[in-house]
Amino acid sequence: MKLMRWVGVVVAALATTTLLSLGSLTQAAQPTVTLTTEPPLAEVIPFQDPVRLILQAINGGGQPLADARLSLQLLTPPKTPWLTSDFPWVEGTTLLELGAIAPQGQVELEQVMPIRGTYTLNVQVEPLITNAFAPFSQSLSVRVPENPVKYRNVAILLAVLLVLGFAGGWVIGGRTSLEAGEIAPQRVRMLLSGAIVVAIAALLIVNFSARSASAHSEGHHTPLAIPTSRQGQQVTAQISGQTQATVGQLATQTVTLNPNIDPRPELLLNIRTLDLESHEPVFTYTGIAPADGQFTWRQQFFDGAPHQVVVEVLPPDQSNADFESFQIAQAIDVTGLEPPLSVRLITLSYFTLCFVLGLLAGLGTHRWRLQGVPHA
Amino acid sequence: MMSSFAYTLKRTQQMTLSVPVQASLLTGLCMLTLWTLFFSTYPPAHNTLHQARHQTLGVACH
């Protein structure tokens, strides 16, 4: 009887182990998409250098999924009104939508991450050859830390406000009684005079340097002199789409290629979107043009500055196409939006609160010291 | 006997130089300066401090 019980326990344990193994095998057999970034996400700084995103679709055996089409949708982090980012209109929106052909299951692109937070990258993988594998989709998280310089700068600003508030409170909290023939206590007059002088000086500096800064930067917004279309002997190419964009909204761009040779070669596209204020790329993608010759993507221009989309058309390494690579480009006028008033008032209230705390501390400290001094 | 005008003037001076009014004036001046530097959409102010706005936590630029 005891032996039977032991046998039962062993059989149950074996069955459980087998089921668990089968379960994990089934799970491992699921195809998936892996994401690697350069630099690693912990080192990414928002609104600076582009981040290289490398997506690799792999089958259940861990091998690359060949002949796949990856549809990407990159969503920005949700809104954070109580501690806004640089671009509040970009929060909670779509940054990029793109469909890429991946012969080896791999897609690479570079994108400047405009703000901190957790981005969502939705990937849908489909076979280019019917029924080669079952389509699947996956959501990936891309967490971008805040620029560390921002913490340092806001700490300095808050410390300055605290000290200024304390100094103001100290002076105001001093002698307040009027002496005969005196209009205002001398310290208060000095404080107000000093504050007014500082304010005037700050505004003068701001206005004068602003004038020279805007005059200096105006000449740098000129787009590169590249045509929007080109008609070659082997390939005709044209870029079209929205030439007006608004921050927070997607803008559609399309490249149309018409090879004049037979069979149609698989042409390569190298797409770069340049911010014309800095002439630095904010988005880069290199891939194969679809068989119908039309490549369409949607991207958001998060910086309210003029941009230019530059597309280089290249012949594939081994094909009947034999032409020099060439470029087409389109200038995009981006309408910037001023931040919501509520967001600005919230941060202003934080800064003001810091100043007021310093002011109250200065007032209280001086009053407390005066109370401790015996009257003559 | 103090005239009505002189009395009013003295009361105004006393009120203006009182601690709450002085503190409010100073806070108002501080808020105005902060608004101009970090939150104003006035193009010259925005352009000049564009970089500083982008490098300060909690300050929205666009």
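Residues numbered from 1 in each chain as written. Chains lettered and ligands numbered in written order. Predicted model: local features only at pLDDT ≥ 70, side-chain atom pairs only at ≥ 80, totals over all residues. Heavy atoms only, no water.

> Can you walk me through the overall build of chain A in this structure?
The helix and strand inventory of chain A stands at four helices and 16 strands. At a minimum sequence separation of 6, the contacts of chain A that also span at least 24 residues come to 71%. As displayed, chain A has an accessible area near 20200 Å², and 60% of this comes from carbon and sulfur atoms. (Helix = DSSP H or I, 4+ residues; strand = E, 2+ residues; numbered from the N terminus. Contact = heavy atoms within 4.5 Å. Areas by Shrake-Rupley, 256 points an atom, 1.4 Å probe, with all protein chains shown as cover.)

> What is the right way to look at the overall build of chain B in this model?
Helix and strand counts for chain B come out as four helices and zero strands. Along chain B, helices (α) and strands (β) appear in the sequence α-α-α-α when read from the amino end. By the burial criterion, 40% of the 62 residues in chain B qualify as buried. Approximately 3300 Å² of chain B is accessible, and the part contributed by carbon and sulfur atoms is 69%. (Buried < 20%, exposed > 50% of the residue type's maximum accessible area, 1.4 Å probe, protein only.)

> Is there a simple way to think about the sheet that holds strand β15 (residues 307-314) of chain A in this case?
Hydrogen bonds between backbone groups are what pair the strands of a sheet, and the pairing can be parallel or antiparallel. All names here are of chain A. Taken in spatial order, the eight strands make up an open sheet running β1-β2-β5-β13-β12-β15-β16-β10, and their pairing is mixed. At either end of the open sheet lies a strand with only one pairing partner, and these are β1 (32-38) and β10 (244-246). The mean angle between the axes of side-by-side strands here comes to 20°, regardless of whether they run parallel or antiparallel. Where strand β12 (residues 268-275) meets strand β13 (residues 280-288), eight bridges bridge the pair, whose relative direction is antiparallel. Within β13, the residue paired with L268 across the bridge is I288. (Pairing = 2+ DSSP bridges. Axes fitted to C-alpha atoms, helices over the stretch in contact; angles between N-to-C directions.)

> Just to check I follow, could you spell out the UniProt feature "transmembrane region" (unreviewed entry) in chain A for this structure?
Sequence positions flagged by UniProt for "transmembrane region" (unreviewed entry) are, in local numbering, residues 154-178, 190-210 and 345-363 of chain A. Note that residues 345-363 of chain A is 100% helix and 0% strand, and that its end C-alpha atoms are spaced 26 Å apart. (UniProt positions renumbered as here; feature names shortened; annotations may be inferred.)

> Can you help me understand the interface of chain B and chain A in this one?
It is common to give the size of an interface as the accessible area that goes away when the parts come together. With 33 residues of chain B in contact, the opposing surface of chain A contributes 54 residues. Roughly 3900 Å² of surface becomes buried between chain B and chain A when both sides are summed, with 76% attributable to carbon and sulfur atoms. On the chain B side of the contact with chain A, B:L26, B:L57 and B:H62 bury the most area, a combined 20% of that side's loss. The interface formed by chain B and chain A includes zero salt bridges. Sorting the residues of the side of chain B that touches chain A by element identifies α2 (19-39) and α3 (43-48) of chain B as the ones contributing at least two each. (Buried area = accessible area lost by both parts, 1.4 Å probe. Salt bridge = Lys/Arg side-chain N within 4 Å of Asp/Glu carboxyl O.)

> What should I look at first to understand the nonpolar core in this one?
Considering soluble globular proteins, one finds that nonpolar side chains tend to be buried as a cluster. All names here are of chain A. By size, the foremost hydrophobic cluster in this structure holds 59 residues, and its most contacted members are L70, V125 and W297. With five residues, the single largest contributor to this core is strand β4 (residues 94-102). When residues of this core are assigned to domains, at least three map to each of domain 1 (28-146) and domain 3 (224-335). Those residues in contact with W297 that sit more than four places away from it in its chain are L96, E97, L98, A251, T252, Q253, T254, V255, I271, F283, V309 and V311. (Core = buried A, V, L, I, M, F, W, Y, C linked by side-chain atoms within 4.5 Å. Domains from an automatic or database assignment.)

> What should I look at first to understand the sheet that holds strand β14 (residues 294-300) of chain A in this one?
Residue and element names in this part refer to chain A. Pairing in this open sheet of eight strands is antiparallel, and the strands run β7-β6-β3-β4-β14-β11-β9-β8 from one edge to the other. With partners counted over all chains shown, the strands left at the sheet margins are β7 (136-144) and β8 (229-231), one partner each. For this sheet, the mean inter-axis angle between neighbouring strands, taken without regard to orientation, is 20°. Alignment of β8 against strand β9 (residues 235-241), held across three bridges, turns out to be antiparallel. Pairing of Q231 across the sheet is with T236, part of β9.

> Can you walk me through the environment of A:V309 in this structure?
Residues and elements named next belong to chain A. Counting through the fold element by element, V309 comes out in strand β15. Linking V309 and I239, residues 70 residues apart in sequence, is a C-alpha distance of 8.9 Å. The contact partners of V309, leaving out residues within four places of it in the chain, are I239, Q253, I271, R272, T273, W297, F301, I328, A329, Q330 and I332.

> Help me understand the pattern of salt bridges, please; the structure alone is not making it clear to me.
Between side chains of opposite charge, pairing is possible as soon as their charged atoms come close. Residues and elements named next belong to chain A. One pass over the structure, following the stated rule, counts nine salt bridges over all chains. The partner of E108 in a salt bridge is R52, with the nearest N and O atoms 2.5 Å apart. On the criterion of sequence distance, the pair formed by E108 in strand β5 (residues 106-111) and R52 in strand β2 (residues 51-58) is long-range, its members being 56 residues apart. For R52, a relative accessible area of 27% gives the class partly exposed.

> Help me understand the packing of aromatic side chains in this model?
One pair of aromatic rings is described through two measures. These are the centre distance and the angle between the planes. As enumerated under the stated definition, the model contains eleven aromatic pairs over all chains in all. Centroid distance A:F323 to A:F326: 6.0 Å. Interplanar angle 50°. Geometry classified as tilted. No difference in accessibility class separates A:F323 from A:F326, as the two residues are buried. Between A:F351 and B:F39 the ring centres are 6.1 Å apart and the planes differ by 40°, which places this aromatic pair in the tilted class. A residue pair is termed interchain when its members come from two chains, as with A:F351 in helix α4 (residues 341-372) and B:F39 in helix α2. There is no split in this pair, since A:F351 and B:F39 are both buried. Through a chain of ring-to-ring contacts, three or more aromatic side chains come together here, namely A:F351, B:W35, B:F38 and B:F39. (Phe/Tyr/Trp six-rings, centres within 6.5 Å; stacked < 30°, edge-to-face > 60°.)

> Help me out: how do you make sense of unusual backbone geometry in this one?
Excluding glycine, residues mostly carry a negative phi; peptide bonds, for their part, are mostly trans. Residues and elements named next belong to chain A. For the bond from E38 to P39, the omega torsion is 0°, close enough to zero to count as cis. For P39, the position within the fold is in the loop between β1 and β2. For F47, which is not glycine, the phi torsion reads 55° and is therefore positive. Mapped onto the elements, F47 comes out in the loop between β1 and β2. When its relative accessible area of 23% is taken as the criterion, F47 is described as partly exposed.

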